[in-house]
Structures are given as structure tokens and as C-alpha cells.
Amino acid sequence: FTEQVLGWRAGDLESIPSGDARYTSIEVPLPEYSETLRATHVVRELEPKDPQHPWMMLIQLLPTGTELDDAPESNDRTWHAPPQARFERLLRETRVPIGLLCNATQIRIVYAPRGETSGYATFSISEMSQVAGRPIFAALHMLLCEERLFSLGEKQRLPAILADSRKYQNVVSTQLAEQVLAALYELVRGF
């Protein structure tokens, strides 16, 4: 999919073998649950600013149909959190804020910068495969195509777009909060 549809090169997507020391910086041990959070694949930065941390995006492939927002039922001592919460923790603690969470029926782009609230957009494969879903597929393609990740100028690449979007969202939220408080003061003053 990444090569044939999104135009990535074969080396852009790296599989992460369990226990490979090259990827320990993007693993999160959870000793209290006797498990380790890890991605299944990684995408490197084209020109990493930190050679010790060259990761642009983590990718987690889940079994087909796994519910992204529901915790699995289990009797073992592992962390009983939904895949979305587990993935957000992985992204935050590894300081790789961008990730893809996939279950063969949905592709979810997750943005979880450390110290901030997360956001995500979910793209349903069944919807994108219909004629009416072409705009949805076009949006996914526009966000994840080779150009958006690797070729365009730095400010036009996905990491910069997500960071700018977060800044704009904060400005809008602050302005809205100020408007709500002003209206509340006016209401209270009237009593």
C-alpha cells in the first residue's frame, strides 16, 4: 500500500523485529504489566536533526478488525487499555508525535506530542473504496503521499503541518474561551 498507492520507496517503511537493539529508543517498557509497548514499523526522517532519534512516524499494525477504542477483554496481567491509548502512550514516551494505527479496516493518523492533548483522524477503508469515498481517500493520500512526507519543503511536510495545526487550534481555543468568559461576565453582571 505504501509503495503502490502512496508512492513511498521500499526502504521508507522499516519493519521492527522484536528485540532488535537498533529500535530500543522507540520501545516503552511497562514493568508493572510485564510488557513492552512497541510499534511494528517505523518511518525515518529524511534529514534527522538528531541522529540518535531519526524517527518521523511509528506505525502499529493490529489484527484485522481490532477495535481501536475498546479495551480487549483479558484475564492476564497486561495493561487493559484500548489500542488508541496504548499507541498514544508509545508516541508520547518515545517523543515521536506522529503515528499510524491500522487494523485492516481503518487507518488512523494519530498526533500525540508529549505534554499536549492528542488528536486523530480515522479513515475507513470500506468508505474509501466506494465512489462516494473518493474525497476521503484523496485526503488520506494528500496527508501520507511520498511528497508530503519526504519531498516537499520542510514547512509543507506532514510534521510541520500537524505542528502548525496544533498552534492554530490553540489560538482558536483561547479566543473562544475569552468570548465565553466575556459572555459569562455579562450574564452575571445582569443579575
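Just so it is clear, the structure is predicted and the values come from calculations on it, not from any experiment.

In terms of helices and strands, the chain carries 5 helices and 8 strands. Along the chain direction, N to C, the helices and strands of the chain fall in the order β-β-β-β-β-α-β-β-β-α-α-α-α. For the chain, the C-alpha atoms occupy an extent of roughly 65 × 45 × 40 Å along the three principal directions. The buried share of the chain, taken over its 191 residues, is 35%. By sequence separation, contacts in the chain at least 24 residues apart represent 48% of the contacts at least 6 residues apart. A total accessible area of about 11,700 Å² is found for the chain, and carbon and sulfur atoms account for 55% of it. Separation between the mean location of the 19 positive side-chain charges and that of the 25 negative ones in the chain comes to 4 Å.

Turning our attention to the pairing of strand β4 (residues 41-44). Regular strands place side chains that alternate from one sheet face to the opposite one. Where strand β1 (residues 13-15) meets β4, 3 bridges bridge the pair, whose relative direction is antiparallel. Looking across to β4, one finds that Leu13 is bridged to Val43. In terms of strand pairing, β4 meets strand β5 (residues 55-61) through 4 bridges, oriented antiparallel. Opposite Val43, over in β5, you have Met57 as the bridge partner.

With that settled, the discussion passes to the pattern of salt bridges. By the definition in use, this model includes 10 salt bridges. In this structure, Arg22 and Asp20 form a salt bridge, with 2.7 Å as the shortest nitrogen-oxygen distance. On the accessibility criterion, Asp20 (17% relative accessible area) is buried. Ionic pairing is found between Glu88 and Arg92, a salt bridge with its closest N-O pair at 3.6 Å. Linking Glu88 with Arg92, this pair stays in helix α1 (residues 83-94), spanning 4 residues, or about one helical turn. On the basis of relative accessibility, which here comes to 14%, the residue Glu88 falls in the buried class. Residues joined by salt bridges that share partners form a network here, namely Glu32, Arg89 and Glu93.

Bringing the sheet that holds β5 into the picture now. Sheet architecture is open: 6 strands sit in the order β1-β4-β5-β6-β7-β8, paired in mixed fashion. The sheet is open, and its two borders are formed by β1 and β8 (119-124), each paired with just one other strand. Averaged over neighbouring strand pairs, the angle between their axes works out to 20 degrees when direction is ignored. Where strand β7 (residues 106-111) lies against β8, 6 bridges are found, and the strand directions are antiparallel. By the bridge assignment, Tyr111 is partnered in β8 with Gly119. Of the strands in this sheet, β5, β6 (98-102), β7 and β8 are in contact with α1, which crosses β6 at around 155 degrees.

The next point concerns the nonpolar core. Within the largest apolar cluster, 21 residues are counted, with the highest numbers of intra-cluster contacts made by Ile26, Val42, Leu58, Phe87 and Leu90. If you tally residues by element for this core, the top one is α1, at 3 residues. If near-sequence neighbours (up to four positions away) are discounted, Leu58 is found in contact with Ile26, Ala39, His41, Val42, Phe87, Leu90, Leu91, Thr94, Val96, Ile98, Gly99 and Leu100. Core analysis: the next-biggest nonpolar cluster, separate from the first, contains 20 residues, Leu6, Val43, Met56 and Ile109 among them.

Its 12 residues give α1 an end-to-end C-alpha distance of 16 Å, which sits within 8% of 16 Å, the value for a rise of 1.5 Å per residue. Pro83, Gln84, Arg86, Phe87, Glu88, Leu90, Leu91 and Thr94 are the residues of α1 that are buried. Buried residues in α1 make contact with β2 (27-30), β3 (35-38), β5, β6, β7 and β8. Of the residues one or two after α1, Arg95 is the one with positive phi, at around 60 degrees.

Attention shifts here to a nonpolar patch on the surface. A contiguous nonpolar patch, built from Leu181, Leu184, Tyr185, Leu187 and Val188 and spanning about 510 Å² of accessible area, is present on the exposed surface. Looking at the element boundaries, Tyr185 is found in helix α5 (residues 158-190).

Thresholds applied
- Residues numbered from 1 in each chain as written.
- Predicted model: local features only at pLDDT ≥ 70, side-chain atom pairs only at ≥ 80, totals over all residues.
- Heavy atoms only, no water.
- Helix = DSSP H or I, 4+ residues; strand = E, 2+ residues; numbered from the N terminus.
- Buried < 20%, exposed > 50% of the residue type's maximum accessible area, 1.4 Å probe, protein only.
- Contact = heavy atoms within 4.5 Å.
- Areas by Shrake-Rupley, 256 points an atom, 1.4 Å probe, with all protein chains shown as cover.
- Lys, Arg positive; Asp, Glu negative; His and termini not counted.
- Charge placed at Lys NZ, Arg CZ, Asp CG, Glu CD.
- Pairing = 2+ DSSP bridges.
- Salt bridge = Lys/Arg side-chain N within 4 Å of Asp/Glu carboxyl O.
- Axes fitted to C-alpha atoms, helices over the stretch in contact; angles between N-to-C directions.
- Core = buried A, V, L, I, M, F, W, Y, C linked by side-chain atoms within 4.5 Å.
- Expected span 1.5 Å × (residues − 1).
- Patch = residues over 30% accessible without salt bridge, like charges linked within 9 Å, V, L, I, M, F, W, Y side chains within 5 Å.

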